[in-house]
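# A look at the structure
Residue-level listing of the chains:
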Amino acid sequence: MGGGGRATGARIHGTTILAVRRDGRVALAGDGQVTNESQHIVLKSRARKVRRLAGGSVLAGFAGSGADAIALFDKFERALEGSRGSLPRAAVGVAQEWRSDRVLRRLEALLLVADREHMFILSGAGDVIDPDEPAAGIGSGAGYALAAARALLAHSALPAPEVARVSLGIAADLCIYTNREITLEEL
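All values reported here derive from a predicted model rather than from experimental measurement.

Our next topic: the packing of helix H1 (residues 66-82) against helix H2 (residues 87-100). As a packed pair, H1 and H2 sit with axes 9 Å apart at the nearest point and diverge in direction by 130°. Classified by the interaxial angle, the pair formed by H1 and H2 is oblique. The interaxial crossing formed by H1 with H2 has right-handed handedness. Only Leu87, Ala90, Ala91, Val94, Glu97 and Trp98 of H2 make contact with H1, whose side of the interface consists of Leu72, Lys75, Phe76, Ala79 and Leu80.

Structure (structure tokens):
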């Protein structure tokens, strides 16, 4: 997982996660770099920051510290079970708990989740953002990856997985906290 920064306004370094929806398919991709920002070194290059949840029907990607990722993936999985697989209800429930719980509130993270119909960005500030566009990104290279994805969606016929893969590669060329060791999941 990536290095930390406060989810409530500060940049989260160490990863790029991108979700892309096109033609009934959704792809979620993440790079593999784990960076110790204070020492300016790469600790790991093949971390897996993207997972399938709810029996494979939901994709989730994480930007933040590794221990926080495990806690949030588990919490989100339980919320999906409790909401009978409803991604919107699980997202709202986790965001409310994340914001109000004293321990969870200290997690330095952002979560990007998607299923075939929905896509949300969640933060510890209680944000549940449903993007207007068919692409969303989190992490240090998100701006680069998102700009590339929007351009590819507007000016190519590439399917969602290829848009995500190419966009993450562009982000890796520009963001020092992002690499080309890409994990990609698709629904």
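Turning our eyes to something else, we now look at the pattern of salt bridges. In total, this model carries eight salt bridges according to the counting rule given. With its nearest N and O atoms 2.4 Å apart, the salt bridge here joins glutamate 186 to arginine 25. Of this pair, glutamate 186 sits in strand E11 (residues 183-186) while arginine 25 sits in strand E2 (residues 25-30), and the two are 161 residues apart along the sequence. Among the residues examined, glutamate 186 registers a relative accessible area of 28% and is labelled partly exposed. Taking the shortest distance from any N to any O, the salt bridge between arginine 165 and glutamate 162 comes out at 3.4 Å. Note that arginine 165 and glutamate 162 are positioned in helix H4 (residues 160-174) at a spacing of three residues, about one turn of the helix. On the basis of relative accessibility, which here comes to 36%, the residue arginine 165 falls in the partly exposed class.

Pairing in this open sheet of five strands is antiparallel, and the strands run E5-E6-E7-E8-E9 from one edge to the other. Strand pairing shows two members of the sheet lacking a second neighbour, strand E5 (50-53) and strand E9 (128-129), which therefore form its edges. Looking at chain direction, E5 and strand E6 (residues 58-64) are connected through four bridges and run antiparallel. Paired with valine 50 across the bridge in E6 is glycine 61. Most of the contacts of H1 go to E6, to which it runs at about 150°, and overall it touches E5, E6, strand E7 (109-114) and strand E8 (119-123).

For the rest of this paragraph, the subject is the environment of glutamate 81. Among the structural elements, glutamate 81 can be located in helix H1. Separated by 28 residues in the primary sequence, glutamate 81 and leucine 53 have C-alpha atoms spaced 9.8 Å apart.

The next subject is H1. Along its 17 residues, H1 runs 24 Å from first to last C-alpha, staying within 8% of the 24 Å computed at 1.5 Å per residue. By the burial criterion, the buried members of H1 are Asp68, Ala69, Leu72, Phe73, Lys75, Phe76 and Leu80. Tucked inside the fold, the buried residues of H1 contact E5, E6, H2, E7 and E8.

This next bit is on the confidence of the model for the protein chain. Mean pLDDT over the protein chain: 87, with 89% of residues reaching 70 or higher. Here residues 1-12 is a poorly scored stretch, pLDDT under 50, and it has 46 contacts once near neighbours within four places are set aside; other chains count.

The terminal C-alpha atoms of helix H3 (residues 142-155) lie 20 Å apart, and with 14 residues this matches the ideal 20 Å at 1.5 Å per residue to within 8%. Those residues of H3 not exposed but buried are Ala142, Ala145, Leu146, Ala148, Ala149, Leu152 and Leu153. Within H3, the buried residues cover an arc of 165° as seen down the axis, which keeps them to one side. Of the residues in H3, the exposed ones pointing more than 90 degrees away from the buried face are Gly143, Ala154 and His155.

Cut-offs used in this document
- Residues numbered from 1 in each chain as written.
- Predicted model: local features only at pLDDT ≥ 70, side-chain atom pairs only at ≥ 80, totals over all residues.
- Heavy atoms only, no water.
- Axes fitted to C-alpha atoms, helices over the stretch in contact; angles between N-to-C directions.
- Helix = DSSP H or I, 4+ residues; strand = E, 2+ residues; numbered from the N terminus.
- Parallel < 35°, antiparallel > 145°, perpendicular 65-115°, else oblique.
- Left-handed = near helix turned anticlockwise from the far one by under 90°.
- Contact = heavy atoms within 4.5 Å.
- Salt bridge = Lys/Arg side-chain N within 4 Å of Asp/Glu carboxyl O.
- Buried < 20%, exposed > 50% of the residue type's maximum accessible area, 1.4 Å probe, protein only.
- Pairing = 2+ DSSP bridges.
- Expected span 1.5 Å × (residues − 1).
- pLDDT = per-residue confidence, 0-100.
- Arc of directions from axis to C-beta.

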